[in-house]
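# Structural characterization, general
Listed here are the chains, written in short residue letters.
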Amino acid sequence: MNFSAIDWVIVVVYIAITLAAGLAGKKYITDATDFLLAGRHLGKFIGIATLAATEIGTITFMYYAELGYKTGFSSFINGLIAGGVMIFLGATGFMIFKLRDLGLTTVPEFFEVKYSRRLRLIAGILVAVGGLLNMGVFLKVEGTFLTIIAGLPLSDLKWTMTVILFLELLYTVLGGMVSVVITDFIQFVMLSIGTLLVTGYVIYTVGWSNMQHAVATNMGANGFSPISNPDYGWAYILFQILLWMAVDTCWQTTAMRTFATKDPETSKKVFFWTGFIFLGRGMMPMLWGIGALAYFGAGHDSLQAMPDMIARILPTGVLGIVVAGMLAATMSVNSSYLLGWSSVISQDIILPLRREPLSQNSQVVLNRTVNVFVSLFVLFWGVWYVLPGPVYFYLNITGTLFLAGAFSAFIGGLFWKRASTIGGYCALLGGAVGSATYFFKIPAAYAGMSAFLLAALGMTIGSLLFPKSSSKLISA
Amino acid sequence: MAFWSWFWTVNFIIAGSAFAAIALVVAFKGVADLRTMLADLKAAQVLRQQDRQHDRKHDRHNR
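It should be emphasised that the depicted structure is a prediction, and the values quoted were computed from it without experimental measurement.

What chain A contains, in helices and strands, is 21 helices and zero strands. The C-alpha radius of gyration of chain A comes to 22 Å, within 12% of the 23 Å expected for a compact globule of 476 residues. Dimensions of chain A, computed from the C-alpha atoms along their principal axes, are close to 65 × 55 × 40 Å. Taking all 476 residues of chain A together, 62% fall into the buried category. Considering only residue pairs separated by 6 or more positions, chain A has 85% of its internal contacts joining residues 24 or more positions apart.

Here you go:
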């Protein structure tokens with residue numbers, strides 16, 4: 001057991017404060033817009049906090065540290081692209097300005113506004129499948145981190161996963177987005193403290209020059225250059241740029257923050273400043289992985305190396321603060337993702353299939369019920385599914401299943417007058433087929449690039465062959 | 001290799017400093033933002049209740 005009494009006290013106090021704050025959100029909920037988008041009242045600073053907290057989880061630290069451990073400093077290219085793309089979107093307002101202006105609630109709703117109701121349903125199913133498969137591995141990876149760092153036996157992993165899920169489900173079901181935003185703020189502060197503390201300790205304990213030496217010895221030039229590293233290269237870089245453009249605009253949990261801001265100008269500011277946080281969100285945990293390489297050498301389990309190192313280098317008290325920070329990161333991501341995928345299932349799959357519209361109160365009840373079922377799926381998937389490769393690549397590909405097609409359909413719907421419903425169908429199909437090739441041993445970079453290419457081709461050819469007038473006839 | 005080593009060191013310093021600075025500003029200014037959001041939600045709730053009461057009165061009057 002690495003935890004002392006003081007560490008446990010810090011973690012328990014943090015959990016109690018978060019739960020109390022989360023449960024307080026319930027009294028602000030009167031309709032589905034409050035539940036799903038906090039009434040669209042997000043300002044700049046709280047917008048930055050919730051967007052950053054939603055996309056920084058223990059899962060993020062784990063997969064980025066794994067990349068750092070395996071590919072050295074060249075892994076930093078991932079952080080640079082993630083942050084750079086978000087800063088570009090925030091500075092220009094490209095896509096996000098128009099998306100906020102449309103007043104949407106979910107991503108698939110865009111497909112009904114610009115294309116057809118049936119395409120919204122198909123998009124909803126793809127979003128839900130990709131999103132649930134993506135989130136399905138979170139608990140196991142996060143549970144592994146927390147179990148190792150607390151010094152608990154790995155046989156306790158299932159119980160750790162269940163407790164984490166139960167805590168975040170409790171306030172998400174009751175307070176929806178309002179609770180998520182309140183807790184995201186507390187969690188953002190905690191996870192930032194944790195992230196900076198660990199980074200400082202890793203540099204202080206392991207040393208910058210030792211890390212550079214370890215990468216040079218184990219990987220040579222490939223550990224520094226993302227161009228020559230066989231895991232990356234130009235195809236991968238191009239895929240990552242497209243992927244991050246798609247994540248920032250079409251990924252349900254990110255898009256919910258765009259839709260929930262006060263106005264399009266606030267959305268731009270939120271994205272611009274969060275982009276800088278995303279640079280550190282990538283590079284700092286990658287450095288922890290590099291630190292673990294220098295600390296243990298190359299023979300360690302790549303996913304467990306970073307938490308193993310942290311458990312050894314952090315002193316009592318600091319360990320408690322860091323674990324509270326990581327728990328904060330875990331809960332903020334999971335609660336937002338629970339809400340995000342549940343909202344798609346309820347708003348874009350169940351509601352369009354019903355002939356009679358549901359009242360606002362019934363919609364809130366439906367969302368809460370779906371929340372519980374999504375949690376159960378995530379718990380069971382996390383227990384038995386075995387990852388086929390590095391976590392980061394698995395998450396990229398399950399995300400691309402929907403993102404590649406959605407990105408083409410979004411670009412077409414927003415900027416091309418000739419974009420038609422059949423083009424939308426072809427884009428979604430092309431994106432899904434391209435990304436599925438990863439599961440047939442095609443490298444992630446090529447599978448991802450082919451998904452975006454096929455989706456773009458599908459949108460263009462489908463729209464040209466079946467223009468708007470004819471596609472309306474076909475889809476009617 | 002020397003170029004990339006230098007390039008990533010500079011990038012890391014910028015990323016780490018920006019993360020720390022923005023986190024600090026958001027931690028302080030976010031509290032006021034959060035209060036405004038909750039106040040706006042409460043105000044919208046009151047408005048909705050008033051609208052509902054008004055509608056009920058209007059219905060009774062019409063009957």
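Text resumes after the structure shown.
Along chain B, the regular secondary structure elements total one helix and zero strands. The C-alpha radius of gyration computed for chain B amounts to 26 Å, which surpasses the reference 11 Å derived for 63 residues by more than 25%, pointing to a less compact arrangement than a globule. Counting all 63 residues of chain B, 21% fall into the buried class.

Turning next to the domain arrangement of chain A. Residues and elements named next belong to chain A. Domain annotation of chain A identifies domain 1 (5-384) and domain 2 (387-476). In this structure, domain 1 and domain 2 have C-alpha centres spaced 24 Å apart. Contacts between the two partners involve 38 residues from domain 1 and, on the opposite side, 31 residues from domain 2. Elements supplying a minimum of two residues to the side of domain 1 that touches domain 2: α4 (58-71), α7 (109-114), α8 (117-136) and α12 (234-250). Ranked by residue count, the leading element in the side of domain 1 that touches domain 2 is α12, at 11 residues.

A common way to express how large an interface is: the accessible area buried when the components associate. Taken together, the contacts link 37 residues of chain A with 29 residues of chain B. Put simply, the parts of the chain that give the side of chain A that touches chain B at least two residues each are α3 (44-55), α5 (76-92), α10 (157-206) and α14 (264-296) of chain A. Looking at side-chain class alone, the side of chain A that touches chain B contains 25 nonpolar, 10 polar and two charged residues.

Before going further, it helps to examine the confidence of the model for chain B. Taken as a whole, chain B shows an average pLDDT of 87; of its residues, 98% reach a score of 70 or greater. Across the predicted assembly, pTM comes out at 0.86 and ipTM at 0.85.

All right, on to the packing of α8(A) against helix α17 (residues 360-384) of chain A then. Residues and elements named next belong to chain A. Where α8 contacts α17, the two axes come as close as 8 Å, and the packing angle between them is 50 degrees. Judged on the interaxial angle alone, α17 and α8 are oblique. In the packing of α8 onto α17, the handedness of the crossing is right-handed. Here Leu132, Met135 and Gly136 of α8 lie close against α17, whose contacting residues are Val374, Phe377, Val378, Trp381 and Gly382.

This part takes up unusual backbone geometry. With phi around 70 degrees, A:Met95 is a residue other than glycine that occupies positive phi space. Relative to the helices and strands, A:Met95 is located in the loop between α5 and α6 (96-101).

Below, the discussion takes up the packing of α10(A) against α14(A). Between two packed helices, what matters for the description is the angle formed by their axes and the separation of those axes. All names here are of chain A. In the contact formed by α10 and α14, the axes pass within 10 Å of each other and the chain directions differ by 30 degrees. Considering the angle they form, α10 stands roughly parallel to α14. Considering how the two elements wind past one another, α10 and α14 form a crossing that is left-handed. Counting all contacts with α10, which are made through Thr195, Val198, Thr199, Val202 and Val206, the residues of α14 involved are Met284, Leu287, Trp288, Gly291, Ala294 and Tyr295. Each residue belonging to the contact of α10 with α14 can be placed in one class, and the counts come to eight nonpolar, three polar and no charged.

Grouped burial of nonpolar side chains is what soluble globular proteins tend to show. All names here are of chain A. Among the nonpolar cores identified, the biggest contains 183 residues, and Met177, Ala246, Val323, Leu403, Ala406 and Phe407 are the most heavily contacted of them. With 19 residues, α10 is the single largest residue contributor to this core. For this core, the domains that each give at least three residues are domain 1 (5-384) and domain 2 (387-476). In this view, Val323 contacts Asp7, Val11, Leu146, Ile149 and Ala150; residues no more than four positions away in its chain are not counted.

Residues and elements named next belong to chain A. Helix length check: helix α9 (residues 138-150), at 13 residues, gives a terminal C-alpha distance of 18 Å against a target of 18 Å (1.5 Å per residue), a fit within 8%. Within α9, 13 of the 13 residues are buried, leaving the element largely enclosed by the surrounding structure. Trailing α9 by a residue or two, Gly151 shows a phi angle of about 80 degrees, which is positive.

With that settled, the discussion passes to the environment of A:Lys468. All names here are of chain A. On the secondary structure map, Lys468 appears in helix α21 (residues 468-475). Taking the number of C-beta atoms within 10 Å as the measure of exposure, Lys468 has 16 and is therefore partly exposed. For the pair Lys468 and Pro315, spaced 153 residues apart in sequence, the C-alpha separation works out to 64 Å.

Here we take up the confidence of the model for chain A. In the predicted model, chain A carries a mean pLDDT of 86, and 97% of its residues have values of at least 70. Within the model, pLDDT remains below 50 along residues 471-476 of chain A, and this stretch shows 10 contacts once partners closer than five positions in the same chain are excluded.

The rules behind each value
Residues numbered from 1 in each chain as written. Chains lettered and ligands numbered in written order. Predicted model: local features only at pLDDT ≥ 70, side-chain atom pairs only at ≥ 80, totals over all residues. Helix = DSSP H or I, 4+ residues; strand = E, 2+ residues; numbered from the N terminus. Rg over C-alpha atoms; globule rule 2.2 N^0.38 Å. Buried ≥ 20, exposed ≤ 12 C-beta atoms within 10 Å, placed from the backbone. Contact = placed C-beta atoms within 7 Å. Domains from an automatic or database assignment. Nonpolar A, V, L, I, M, F, W, Y, C, P; charged D, E, K, R; others polar. pLDDT = per-residue confidence, 0-100. Axes fitted to C-alpha atoms, helices over the stretch in contact; angles between N-to-C directions. Parallel < 35°, antiparallel > 145°, perpendicular 65-115°, else oblique. Left-handed = near helix turned anticlockwise from the far one by under 90°. Core = buried A, V, L, I, M, F, W, Y, C linked by C-beta atoms within 7 Å. Expected span 1.5 Å × (residues − 1).

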